[in-house]
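# Close look at the chain arrangement
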Amino acid sequence: MKRATLIAGLLALALPVLAGGHAMKTESGWFDMENCAFCKNLLTDPGLLEHATWESHNLEKGMLYIMTVEPEYAESMAKASAAMEELGTKMHSGQINPAEVKMCGSCQAFGQLMMAGVKMETIKGDAAEVTIVTHDDPQVIAQMHDLVARNQKEMALLMSGGEHEGQQH
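Scope of this entry: the structure provided in the associated data block.

Let us look at the overall build of the protein chain. In terms of regular secondary structure, the protein chain is built from five helices and four strands. Along the protein chain, from the amino end to the carboxyl end, the secondary structure elements read α-α-β-β-α-α-β-β-α. Out of the 169 residues in the protein chain, the part that is buried amounts to 43%. Counting only contacts in the protein chain whose residues sit at least 6 apart along the sequence, the fraction spanning at least 24 positions is 67%. Split by element, the accessible area of the protein chain, about 8,800 Å² in all, is 51% carbon and sulfur.

What follows is the structure, given as C-alpha cells:
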C-alpha cells in the first residue's frame, strides 16, 4: 500500500532532528517517536535516524517530500517502512480499528488526508525517494499546506528543545 509507505516518509521528517540527541516528542504531541504506532518503527535501528534526511515543500496542488537514506541504512529504512506499511494496510482493511491505534498528531493529520483521497506518486531513485501528493479540492490542498507548515514548526520546536522560542532544556 503506497499510502502507508508515504506515512513512513512523513515520519522521516523527524530524522535530521533526532540525530542530534534531541527529544523524541514535542510537548504538543505532534511528533512522538516513542509512542506513535507508526513512528516507533523508525527507532528499531538506533543509527537509522542520524543517517537519513527529509525535506517537505508545498506544491500548487499539494506537497512534495524528498527523503535520502545513506546506503548502509537502506535495509533498516526498508524494514521500518514495511512495518509501517503493514500497520497501515491492516487499518485500511479493517483488521485493526484506527481509533485504537496511538498516533502522533502528524500521523493523524496525514491519515485524514489519505481519507480525503489524496493522489500520491513515489519515484525511487538511487540517491533519493521523491513523493508527490496532490488533490484538486482547494480545501484538501490547504490541509496539505497546513500539514507541511505544522511539521516544519513542530520540527523547529523539537530541535530547539522546547515550545518557547529560545528555551533550552
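Turning to the environment of Asp45, a few remarks are in order. For Asp45, the location among the structural elements is in the loop between α2 (15-18) and β1 (52-59). The spacing of Asp45 and Lys79 is 34 residues in sequence and 9.5 Å in space, taken between C-alpha atoms. Filtering out sequence-adjacent residues up to four positions away, Asp45 remains in contact with Tyr73 and Ser76. A polar contact is formed between the side chain of Asp45 and the backbone nitrogen of Gly47, at a distance of 2.9 Å.

Scanning the entire structure with this criterion turns up six salt bridges. A salt bridge links Lys90 to Glu86; the shortest N-O distance between them is 3.2 Å. Here Lys90 and its partner Glu86 are both found in helix α3 (residues 74-93), four residues apart, which amounts to about one turn of the helix. A salt bridge links Asp136 to Lys119, with the nearest nitrogen and oxygen atoms 3.5 Å apart. Here Lys119 lies in strand β3 (residues 119-124) and Asp136 lies in the loop between β4 (129-134) and α5 (138-160), a separation of 17 residues in the sequence. Judged by its relative accessible area of 48%, Lys119 is partly exposed.

Sheet architecture is open: four strands sit in the order β1-β2-β4-β3, paired in antiparallel fashion. For this open sheet the edge positions go to β1 and β3, each flanked by a neighbour on one side alone. Pairs of neighbouring strands in the sheet enclose a mean axial angle of 15°, with direction left out of account. Strand direction decides the pairing type here: strand β2 (residues 62-69) and β4, joined by six bridges, are antiparallel.

Reading the values: rules and limits
Residues numbered from 1 in each chain as written. Predicted model: local features only at pLDDT ≥ 70, side-chain atom pairs only at ≥ 80, totals over all residues. Heavy atoms only, no water. Helix = DSSP H or I, 4+ residues; strand = E, 2+ residues; numbered from the N terminus. Buried < 20%, exposed > 50% of the residue type's maximum accessible area, 1.4 Å probe, protein only. Contact = heavy atoms within 4.5 Å. Areas by Shrake-Rupley, 256 points an atom, 1.4 Å probe, with all protein chains shown as cover. Polar contact = N/O pair within 3.5 Å; in protein donor to acceptor, adjacent residues only side chain to side chain. Salt bridge = Lys/Arg side-chain N within 4 Å of Asp/Glu carboxyl O. Pairing = 2+ DSSP bridges. Axes fitted to C-alpha atoms, helices over the stretch in contact; angles between N-to-C directions.

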